Amino acid sequence: MSSLRQRIILILLCTTQFVAILDFSITTVPLPEIQRELGFGAGGIQWVVNAYGVAIAGFLLLGGRAADVVGRRRIFVMGLIVFTLASLVGGFASSPLMLIVTRALQGLGAALFSPAAFSLLTTSRPPGRQRNRALGAWAAVAASGLAAGVILGGFITDAWGWRWVLWLNVPIGILVVALARFLPEGKPSARSGPAHLDVAGALLVAGGVTTLIYAFANSEHIGLGHPATFGLMAVGILLLAVFVRVESRAVEPLMPLRLFRKRSVGGANLISLLANIGLGPTFIIVALHMQIVLGFTPLRTGLGLLPMAVAFLVFSAWVGPSLVARFATKPVIVTGLVLFTAGLVLLGFSLPGDGSWAGSVLPGALLSGIGYGIAFPAWTVAGIDEVDPEHHGLAGGMLTTTQEVGSAVGLAVGLAVATAAVTAGRTVAEGYGRAVLLAGVLVAVGTVVSVLLLPNRRGDGATTAEPASKAKAKAKAKSGPVSGSGHGSTRGPASGPASDPAPGDLPGAVPAKAD
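Basis of the calculations
- Residues numbered from 1 in each chain as written.
- Predicted model: local features only at pLDDT ≥ 70, side-chain atom pairs only at ≥ 80, totals over all residues.
- Heavy atoms only, no water.
- Core = buried A, V, L, I, M, F, W, Y, C linked by side-chain atoms within 4.5 Å.
- Buried < 20%, exposed > 50% of the residue type's maximum accessible area, 1.4 Å probe, protein only.
- Helix = DSSP H or I, 4+ residues; strand = E, 2+ residues; numbered from the N terminus.
- Salt bridge = Lys/Arg side-chain N within 4 Å of Asp/Glu carboxyl O.
- 1 Å grid on protein atoms, 1.4 Å probe; cavity = no way out; pocket = protein on both sides within 12 Å on 5 of 7 lines; lining within 4 Å.
- Points joined across faces, edges and corners; volume = space filled by probe spheres on them.
- Nonpolar A, V, L, I, M, F, W, Y, C, P; charged D, E, K, R; others polar.

## Thoughts on the nonpolar core
Here comes step 1: Within the largest apolar cluster, 134 residues are counted, with the highest numbers of intra-cluster contacts made by Leu13, Phe76, Leu99, Leu337 and Trp379.
Here comes step 2: Element by element, the count of residues in this core is highest for helix α11 (residues 263-293), at 13 residues.

## Quick notes on the pattern of salt bridges
Here comes step 1: For the coordinates displayed, the defined rule picks out two salt bridges.
Here comes step 2: Two residues, Arg103 and Asp23, come together in a salt bridge whose shortest N-O distance is 3.7 Å. You can see Arg103 sitting in helix α5 (residues 96-123) and its partner Asp23 sitting in helix α1 (residues 3-25), a full 80 residues away along the chain.
Here comes step 3: Classification of Arg103 as buried rests on a relative accessible area of 1%.
Here comes step 4: Among the ionic pairs, Glu37 bridges to Arg163, the shortest N-O distance being 2.7 Å. With a gap of 126 residues between them, Glu37 in helix α2 (residues 31-38) and Arg163 in the loop between α6 (129-159) and α7 (164-167) connect regions that are remote in the sequence.
Here comes step 5: Relative accessible area serves as the criterion here: at 44%, Glu37 is assigned to the partly exposed category.

## Some details on empty space enclosed by the protein
Here comes step 1: One pass over the full model with this rule turns up five cavities of 30 Å³ or more.
Here comes step 2: Its boundaries defined by the atoms lining it, the largest cavity holds a volume of some 80 Å³.
Here comes step 3: Lining the largest cavity we find Gln17, Phe118, Trp138, Ala142, Ser272, Phe376, Trp379, Thr380, Gly396, Leu399, Thr400 and Gln403.
Here comes step 4: Among the elements that take part in the lining of the largest cavity, helix α17 (residues 392-423) stands out by supplying four residues, more than any other.
Here comes step 5: In terms of residue class, the lining of the largest cavity is built from six nonpolar, six polar and no charged.
Here comes step 6: Its volume calculated, the second largest cavity comes out at about 60 Å³.
Here comes step 7: In terms of lining residues, the second largest cavity is bounded by Ile277, Pro281, Gly410, Val413, Gly414, Val417, Ala435, Leu438, Ala439 and Leu442.
Here comes step 8: Classifying every residue of the lining of the second largest cavity gives eight nonpolar, two polar and no charged.

Bear in mind that shape data such as this cannot, by itself, settle questions of function.
What follows is the structure in structure tokens.
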């Protein structure tokens, strides 16, 4: 494959991922204008944001599975068409119900094309520096998408009105569909029987996530301690428990639970969930703080978040991948999450402070952006490090699912905590500060998880480990130790330096050659 075609593929796939993440937050700033024009009630307006987040989170695993068994390019194009048509119709919405339904359809389309794009990205490049650079670019656009959504939402709303935040997707979608012929076909995995998609599993996980998010969103009006809130939480948790039970017995599960037995996969997904529970509400709450407390216009609000977005972009595109190449994923994740936690704590204590953007928003937001930007590409690499290429669509869907679920749940919880604080007699700024501090606590838990769960792996500038199946095959093919330098030799788990373990911590597995 020519280098020009590889660059075109990278641009197309990263563009669609950027749009998928951007659309979670782009409707946040124009919410007051949408509420006035369409007549939303106080309890319904946040579902303009949540409908998209719930749909993409609930169906990402189905999208990842579909990409692996039906064909990656086919599912990619199909999802993009659904997303583009929903964006077009949503811009003409004349009622709250019409807008919420089209936002949910946008999320469904993104749930199809996002994991397919991730799988196309990873399988079009061999393990090594090429893939690591591509994952760095992927992480950069994904990390900056939330911030860019708020920034563009403010600019577009001031310039042309809120409907254009949806219509913006239409020309992008048409262009990418037209250029999709440059993408590799991404044929389905070799199978002995007909493809099977676990629709029941998808409905269970979507129902569980939706119920949990609704429980927190509804608590803004009835209170976090209300019996109905606990009842809805119990129903959501029960649906997710049934989902896990169904997946454990399914012949072709939507989410193979065996993947979570791999420390890097399970750890990376848990870290992604906790980090995005912290990130999701932070952007929205800071944007609301600047408008409601500081009196910023939508455009000024977007510009006020620009430093955080730039920090995401720079540190996730260049600094984070470079650190992974030098130090491996675990220390980079820990370092990034420590900085992210410090930024959220600083932001939480600053919001109720002097009432200026430079004093209450900038320092904590900038440090948060740096920390998240460092950690994000590292846990993205860790999340596919031990996964066979034919399951990269599923692995990408799992990572994006935890990201979207974390953002949606975090937003609902954050707003509920802020509302509860105001109801208890605190100022709005103090309520927002408490919500961000809670986010900081959850990211701190993610830091502890990364220390305890993630395996120590060397950094060689790539997703260093071979898939477990290949490692086992090579181990069987070799009858004894192979002479030579460390990276090309077969070593048991006790031999060699501690910083260079066998891939996946499997006894007797063969380390992948460095690029």
